Each structure stands twice: as structure tokens, then as C-alpha cells.
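Chains, contacts and geometry: an overview
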Amino acid sequence: MASTHRTGMAGQLAVAAVFARRGYNVAIPMIDEGEDLLIRNDTTRRVWSIQVKTATPRKPTKKHQKFQFGLSKEQLKNGPKELWYALVWPTTDPSGWGYLVIKRSTLLRYHEKKGAGSFNKKTGNITLNLSVPREETAPSPSVNTKSPSKAPPKKRKAKVGRT
């Protein structure tokens, strides 16, 4: 099994690949000061900072797979205006990853106003739990044998909640 550092780096590279595939210029800063990736739109010259947080699965329920992320409260409250979080988790999907990209200010609002995540006074970090419907985290690797005339199942949204 891969170490946490290797899993984190794999998640970071997966996010970089998604942005590059969508036509953005991606850079990994030489010095990590809380921003794992810099994303640039070469047409508009706009730049975004991305903080990648990679989770490992927690004990699942019958309907959901659960993931846990650790966030710095200091960075969440006082990070750069254009900071985004990419919450990434391993799946059996062909890409190998599921992800949620959310603006820092939006995640902060969820934490402060809606109680998303729990604050650990000892570490100064926020623990954020994410629950994803199981069919979106572990699709069957077998070939789909359903008739093409049937509509695919509707996707359900991931829930971000308290610990």
C-alpha cells in the first residue's frame, strides 16, 4: 500500500492532469507555501492557486463511501483570495479519482455558517468529512450489459458535513 505522501502526490498529479486536459497551463511551485498547483488560463492570463487535499477511504456505509480531509484553519480563513481547494479521493473509476473543487471563500462559509467540518483546538486544523454515493466511488469494472435505450442513472451530489 502506498504511503500517505505518495497518495497525496498522486492526487495532486491527478488534479493537474484534469486541468491540463481541459486546456489550462499547470505549474507545480518549487516551494510549497500552501499552494500545490498554479493554474493559468493562457487566453485571459488569469491565475488560480489550488490546494490539493487527498483522502483515503474511511469505513463505508451500505449506500455511501466516506472520506476525511484535514484542512488548515489558518489557510482557510486567511488564504489568498483566488485559492481553491481540490478535495480528491481514490475510486475504481477509469481515471482512478473522484474530486470536488471548491473556492476557499465558499468552503469557509460552509464551515462558519453551516458547521461543515470540526475544529481541533490542539492542532489548529479542521477535519472535513465527505460522503459520496457508493456507485460514484466504486463503479463496476465489468462491461455495461444494459440496453442502450435505457437512460443512465442520475448522478447524486456529494455531501459535505460535520464529523
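Report on the accompanying structure. Every value quoted in this text rests on a predicted model; they were computed, and no experiment measured them.

Summing up its helical and strand segments, the protein has 4 helices and 9 strands in all. Counted from the first residue to the last, the protein has its helices and strands arranged as α-β-β-β-β-α-β-β-α-β-β-α-β. Within the protein, the proportion of its 163 residues that are buried is 32%. The long-range share in the protein, meaning contacts at least 24 apart out of those at least 6 apart in sequence, stands at 53%. Approximately 11,100 Å² of the protein is accessible, and the part contributed by carbon and sulfur atoms is 54%.

The next thing to look at is the sheet that holds strand E5 (residues 83-90). Within a sheet, adjacent strands bond to each other through the backbone by hydrogen bonds, running parallel or antiparallel. Within the open sheet, the 5 strands sit side by side as E1-E2-E3-E5-E6. Their pairing is mixed. Either end of the sheet is taken by a strand with one partner, and the two such strands are strand E1 (25-27) and strand E6 (97-103). Sheet twist, expressed as the mean angle between neighbouring strand axes with direction ignored, is 25°. Of the strands in this sheet, E1, strand E2 (37-40), strand E3 (47-54), E5 and E6 are in contact with helix H1 (residues 4-21), which crosses E3 at around 145°. Across the sheet, helix H3 (residues 104-114) is in contact with E5 and E6; its angle to E6 comes to roughly 90°.

Each aromatic ring pair is characterised by the separation of its centres together with the angle its planes make. Applying the stated criterion to the full structure yields 3 aromatic pairs. Look at Phe19 and Tyr24: their rings are 5.9 Å apart centre to centre, the planes differ by 75°, and that puts the pair in the edge-to-face class. Phe19 sits in the buried class, given a relative accessible area of 16%. Overall, Tyr24 belongs to the partly exposed group, its relative accessible area being 28%. An aromatic cluster of at least three residues, connected via ring pairs, comprises Phe19, Tyr24 and Trp48. In this structure, Lys73 is placed above the aromatic ring of Phe119, and the distance from its NZ or CZ to the ring centre is 4.4 Å.

Let's shift gears to the pattern of salt bridges. Under the counting rule described, the total for this entry stands at 2 salt bridges. Taking the shortest distance from any N to any O, the salt bridge between Arg40 and Asp42 comes out at 3.0 Å. Of the residues examined, Arg40 reaches a relative accessible area of 25% and is grouped as partly exposed. The closest approach of N and O atoms between Arg46 and Glu82, which form a salt bridge, is 3.0 Å. Taken as a pair, Arg46 in the loop between E2 and E3 and Glu82 in the loop between helix H2 (73-78) and E5 lie far apart in primary sequence, 36 residues in all. A relative accessible area of 21% places Glu82 in the partly exposed class.

This part takes up unusual backbone geometry. Even without a glycine there, the phi angle at Arg45 is positive, about 65°. Structurally, Arg45 is set in the loop between E2 and E3. Note on Arg45: relative accessible area 59%, which makes it exposed.

Procedures and definitions
- Residues numbered from 1 in each chain as written.
- Predicted model: local features only at pLDDT ≥ 70, side-chain atom pairs only at ≥ 80, totals over all residues.
- Heavy atoms only, no water.
- Helix = DSSP H or I, 4+ residues; strand = E, 2+ residues; numbered from the N terminus.
- Buried < 20%, exposed > 50% of the residue type's maximum accessible area, 1.4 Å probe, protein only.
- Contact = heavy atoms within 4.5 Å.
- Areas by Shrake-Rupley, 256 points an atom, 1.4 Å probe, with all protein chains shown as cover.
- Pairing = 2+ DSSP bridges.
- Axes fitted to C-alpha atoms, helices over the stretch in contact; angles between N-to-C directions.
- Phe/Tyr/Trp six-rings, centres within 6.5 Å; stacked < 30°, edge-to-face > 60°.
- Lys NZ or Arg CZ within 6 Å of the ring centre and 35° of its normal.
- Salt bridge = Lys/Arg side-chain N within 4 Å of Asp/Glu carboxyl O.

On their own, these measurements won't tell you what the molecule is for.
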